[in-house]
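Geometric and topological summary
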Number of protein chains: 2
Amino acid sequence: MTVSKMTSQDQAKQVAPVGFDEEGGALQLGELSELLGYSLKRAQLKVFEDFLRCMAPLQLTPAQFSVLLLLDKNPGRNQTEIANTLGILRPNFVSLLDALESRDLLTRMRSPSDRRSHVLMLTDKGRATLARAKKLVATRHEARLIEVLGPAEHKALLGMMAKIAREF
Amino acid sequence: MTVSKMTSQDQAKQVAPVGFDEEGGALQLGELSELLGYSLKRAQLKVFEDFLRCMAPLQLTPAQFSVLLLLDKNPGRNQTEIANTLGILRPNFVSLLDALESRDLLTRMRSPSDRRSHVLMLTDKGRATLARAKKLVATRHEARLIEVLGPAEHKALLGMMAKIAREF
DNA sequence: GTCTATTTGATATACTTCATAACGATTATT
DNA sequence: AATAATCGTTATGAAGTATATCAAATAGAC
């Protein structure tokens, strides 16, 4: 689940478009291009790759960005709540938070009402970074997507993705 | 890149729909739902999860299925060509082929014209398995997707995914 | 035709992501 | 008070993905 760090494979590998190969001519993709899962995965990797490129100045991964975004809208929640909402397992969420906390983007505070749990809150630096990050995403990343797809298709795509994630 | 084995996380975790949490009410997803990469990833995981479920009788992962599909349409290619087309790195392709060859679904043959390379070909069993796999994908997996999205949106989605994978 | 460089499949290895089990501390239940 | 459940955490394992390197074979330079 969730968001993962991108690799450089496609970038390095796809000097030639997928489905083409020097010797012997193009390979026939055949039914592969009609397999939604296949195109979905390749598209997703491309999108994450672009996200990382656009976000390079702030050094935020998609997963980290999603945490900051969620924390901003939902201050005072504990780790389990945030992790569950993002589909991240609690054990794996720990090191993710460690990284963000060590960069002073958020704080863990023992809850006075339940001293087992940690209340999560963005720091001022966290809020400032999130604001810059949002700007980068909007002006570089999403803007490029809209440029490729067109505004109408972009919006339709969002709706379809949400539908699949919800009803499938 | 490529196709990966699914996990059971979502299935186990999402007894409650994403964005909801028992104590304290629903969390606000906020701009998260407008982040295409986020929905794209979640949708992709759902689709792979469903693919594995539908393909359980044949025990084929999306990656393995894509190899069989590509080999059927492009017999006589070597490992590098197939791997490149699928965006798989050659070192990682070796064990993938080992698994399929040990199940007698394909064969590696030294090419007479270039004795460095292995010509890949489906066996009869491989072709038969692929035929059954295609049927499972069509009648269970894609059918369910079309049911959720509707035929028109399903087709539009395929087009958009291909566009992103190609032009992004 | 020999020498060098490149390519192919393979191995070893490392890093990241994702998953489970278990622990101490705390709270809830009985 | 005793037991069970929850929270954050640690340890650990299984995949997926990446790079470097190797022997064998071929291609290319001279």
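To be clear, the structure that these remarks concern was listed above.
Reference entry: report on the structure contained in this document. In this text the structure is predicted, and so the values were computed from the model without any measurement. (Residues numbered from 1 in each chain as written. Chains lettered and ligands numbered in written order. Predicted model: local features only at pLDDT ≥ 70, side-chain atom pairs only at ≥ 80, totals over all residues. Heavy atoms only, no water.)

Attention shifts here to the packing of aromatic side chains. Going through the model one piece at a time under the given rule, you end up with 2 aromatic pairs over all chains. Ring centres of F51 of chain A and F65 of chain A lie 5.6 Å apart, and the angle between their planes is 55°; on these two criteria the pair is classed as tilted. Here F51 of chain A is found in helix α2 (residues 36-55), whereas its partner F65 of chain A is found in helix α3 (residues 62-73), with 14 residues between them in sequence. Residue F51 of chain A is classed as buried on the basis of its relative accessible area of 4%. Taking the relative accessible area as the measure of exposure, F65 of chain A reaches 2% and is therefore buried. Over the aromatic face of F168 of chain B sits the side chain of R144 of chain A, whose NZ or CZ is 4.2 Å from the ring centroid. (Phe/Tyr/Trp six-rings, centres within 6.5 Å; stacked < 30°, edge-to-face > 60°. Helix = DSSP H or I, 4+ residues; strand = E, 2+ residues; numbered from the N terminus. Buried < 20%, exposed > 50% of the residue type's maximum accessible area, 1.4 Å probe, protein only. Lys NZ or Arg CZ within 6 Å of the ring centre and 35° of its normal.)

Our focus in this paragraph is the relation of the copies chain A and chain B. When chain A is fitted to chain B, the residual RMSD is 0.1 Å, and the transformation amounts to a turn of 180° plus an axial shift of 0.0 Å. Interpreted geometrically, this transformation is the action of a two-fold axis. Same-surface contact between copies: 99% of interface residues of chain A are shared with the interface of chain B. (Least-squares fit on C-alpha atoms with pLDDT ≥ 70 in both. Contact = heavy atoms within 4.5 Å.)

Taken residue by residue, the interface counts 74 residues in chain A and 74 residues in chain B. Where chain A meets chain B, there are 4 salt bridges. Where E31 of chain A meets K134 of chain B, a salt bridge forms, and the shortest distance between an N and an O atom there is 2.9 Å. Put simply, chain A and chain B have 12 residue pairs in polar contact (both at pLDDT 80 or more) between them. Among the elements of the structure, α1 (9-13), α2, α3, α4 (79-86), α6 (124-149) and α7 (151-167) of chain A are those that each provide at least two residues to the side of chain A that touches chain B. Considering every element that reaches the side of chain A that touches chain B, the biggest residue donor is α2 of chain A, with 15 residues. (Salt bridge = Lys/Arg side-chain N within 4 Å of Asp/Glu carboxyl O. Polar contact = N/O pair within 3.5 Å; in protein donor to acceptor, adjacent residues only side chain to side chain.)

When charged atoms on two side chains of opposite charge get close, those side chains can pair. According to the stated counting rule, one finds 22 salt bridges over all chains in the structure shown. Close ionic contact of R77 of chain A with E81 of chain A constitutes a salt bridge, the shortest N to O distance being 3.3 Å. A residue is classified by how much of its surface remains accessible, and R77 of chain A, at 12% relative accessible area, is buried. Among the ionic pairs, R127 of chain B bridges to D124 of chain B, the shortest N-O distance being 3.0 Å. Linking R127 of chain B with D124 of chain B, this pair stays in helix α6 (residues 124-149), spanning 3 residues, or about one helical turn. By relative accessible area, which is 62% here, D124 of chain B ends up exposed.

Right, let's get into α2 of chain A. For α2 of chain A, which comprises 20 residues, the first-to-last C-alpha distance of 28 Å matches the rise-based estimate of 28 Å (1.5 Å per residue) to within 8%. Within α2 of chain A, 18 of the 20 residues are buried, leaving the element largely enclosed by the surrounding structure. (Expected span 1.5 Å × (residues − 1).)

Let us look at the packing of α2 of chain A against α6 of chain A. Helix-helix packing: each pair is described by the crossing angle between the helix axes and the interaxial distance. All names here are of chain A. At a minimum axis distance of 9 Å, the contact between α2 and α6 shows a crossing angle of 135°. Between α2 and α6, the angle falls in the class oblique. Judged by the twist between their axes, the crossing of α2 over α6 is right-handed. Contacts between α2 and α6 pair V47, D50, F51, R53, C54 and M55 from the former with A133, L136, V137, R140, H141, R144 and L145 from the latter. Among the residues making up the contact of α2 with α6, the classes are represented as 8 nonpolar, 1 polar and 4 charged. (Axes fitted to C-alpha atoms, helices over the stretch in contact; angles between N-to-C directions. Parallel < 35°, antiparallel > 145°, perpendicular 65-115°, else oblique. Left-handed = near helix turned anticlockwise from the far one by under 90°. Nonpolar A, V, L, I, M, F, W, Y, C, P; charged D, E, K, R; others polar.)

Once that is clear, we can look at unusual backbone geometry. All names here are of chain A. Its identity as a non-glycine residue notwithstanding, Q59 has a phi of 55°, on the positive side. Note on placement: Q59 falls in the loop between α2 and α3. A residue is classified by how much of its surface remains accessible, and Q59, at 57% relative accessible area, is exposed.

Here we come to the side chain of H141 of chain A. Take H141 of chain A: it is sitting in helix α6. Looking at H141 of chain A, its side chain comes within polar contact range of the side chain of D50 of chain A, at 2.6 Å. If we ignore the near neighbours within four places in the chain, the residues touching H141 of chain A are V47, D50, F51, C54 and L136 of chain A together with F168 of chain B.

A separate point is empty space enclosed by the protein. Throughout the structure, instances matching the rule amount to 3 cavities of 30 Å³ or more. As for the largest cavity, its lining consists of 10 residues, and the residues nearest its centre are L35, G37 and Y38 of chain A together with F51 and P62 of chain B. Of all the secondary structure elements, the ones that give two or more residues to the lining of the largest cavity are α2 of chain A together with α2 (36-54) and α3 (62-73) of chain B. With 3 residues, α2 of chain B is the largest single contributor of residues to the lining of the largest cavity. Within the lining of the largest cavity, the residues separate by chemical class into 7 nonpolar, 3 polar and no charged. (1 Å grid on protein atoms, 1.4 Å probe; cavity = no way out; pocket = protein on both sides within 12 Å on 5 of 7 lines; lining within 4 Å. Points joined across faces, edges and corners; volume = space filled by probe spheres on them.)

This next bit is on α3 of chain A. Residues and elements named next belong to chain A. Its 12 residues place the ends of α3 17 Å apart at the C-alpha level, agreeing with the 16 Å of an ideal helix rising 1.5 Å per residue. Extensive coverage of α3 is indicated by the burial of 10 of its 12 residues. Of all the residues in α3, the buried ones are P62, A63, Q64, F65, S66, V67, L68, L69, L70 and L71. Residues of α3 that are buried make contact with α2, α4, α5 (90-102), β1 (106-110), β2 (118-122) and α6.

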